[in-house]
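An overview of the molecular structure
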Amino acid sequence: MTASRYFSEAADLVARIERTQTENIAQAAAMMAEGVEQGGPVSLFGSGHSVLPVMDAFPRYGSYPALRPLTDSRLSWFNVLGTGGVRELLWLERTEGYMPNFLGNYSFKEVDTLVSYSHGGINSAAIDASLYVKELGGKVVDITSVANLEVNEATHSSGKRLAEVADVVIDNCCVPADAVVDIDGWGPPVGATSTLAVIAITMALVSELAQALKDRGIVLPTFVSPNDTRFGPDHNLEVFAEYKRRVHR
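Let me begin by describing the structure that accompanies this report. (Residues numbered from 1 in each chain as written. Predicted model: local features only at pLDDT ≥ 70, side-chain atom pairs only at ≥ 80, totals over all residues. Heavy atoms only, no water.)

Quick look at the packing of aromatic side chains
Overall, the coordinates contain six aromatic pairs when judged by the stated rule. Look at Phe45 and Phe102: their rings are 6.3 Å apart centre to centre, the planes differ by 45°, and that puts the pair in the tilted class. Residue Phe45 is located in strand β1 (residues 42-46), and its partner Phe102 is located in helix α4 (residues 99-103); the two are separated by 57 residues in the primary sequence. For the pair Phe45 and Phe102, one class covers both residues: buried. Look at Phe58 and Phe223: their rings are 5.8 Å apart centre to centre, the planes differ by 45°, and that puts the pair in the tilted class. Pair noted here: Phe58 is in the loop between α2 (51-57) and β2 (67-70) and Phe223 is in the loop between α6 (194-215) and α7 (235-247), with a separation of 165 residues, a long-range link. Through pairs of rings, three or more aromatic residues link up here, namely Phe58, Phe223, Phe240 and Tyr243. Over the ring of Phe108 we find Arg68, and its NZ or CZ is 4.9 Å from the ring centre. (Phe/Tyr/Trp six-rings, centres within 6.5 Å; stacked < 30°, edge-to-face > 60°. Helix = DSSP H or I, 4+ residues; strand = E, 2+ residues; numbered from the N terminus. Buried < 20%, exposed > 50% of the residue type's maximum accessible area, 1.4 Å probe, protein only. Lys NZ or Arg CZ within 6 Å of the ring centre and 35° of its normal.)

This is the structure we're talking about:
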């Protein structure tokens, strides 16, 4: 069955990420933990479909308030055509100069870390975000397809692609085309993989960072599902209170 072909590709992809990127994930988590220990949040940014791992990182069950999602409705789509549509989004995320206006709404310090997502690695939004934080002295983790370095020339005025502006690069291990299932007579492949990959990487980072923080003696309140009856009904209120204290500094 065609569905089984996709599941096979997906399983191979996750195994490849585990085999080749675990060390990079641990390096990124250690860098993040050092910043969190000094009071710096871990900010996360992505545009288009890359907003999905940002939204999934925090707030959600199993996550905690060291993470600050940076989401902009203008850099994601909520319609196919028209207001909030894909064409406008694609134009904006490829246009230099917007990100300093958006990121200027947030405070950044040298102890902060940014995680920036882009499968293709050439869109201006992710590159501008990474350069913005680095210019302020912060650290940057970029999650992208390293294979795209072989097929995509830099289009940013800096002459850089996303993987070339990071302190740590985590490869999503996806093929440049993203989709992986060929169907005879259909044409282009179907069944994208990059969202699956970056969600897995993000949850691995969330887990690795928690361990790194615990090793430093830092334990943060964590969102708990109401299905987990070991914790009281007011437990999650602590998460919001800690987020306000740490992030809205």
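Quick notes on the nonpolar core
Judged by nonpolar contacts, the single largest core of 39 residues is most densely connected at Val141, Ile143, Ile170 and Leu209. Elements that contribute at least two residues to this core include exactly α1 (2-37), β1, α2, β3 (113-117), β4 (139-144), β5 (168-171), α6 and α7. The leading source of residues in this core is α1, at nine residues. The next biggest cluster of nonpolar side chains, apart from the first, holds 15 residues, and it includes Met99, Phe102, Leu114 and Val140. (Core = buried A, V, L, I, M, F, W, Y, C linked by side-chain atoms within 4.5 Å.)

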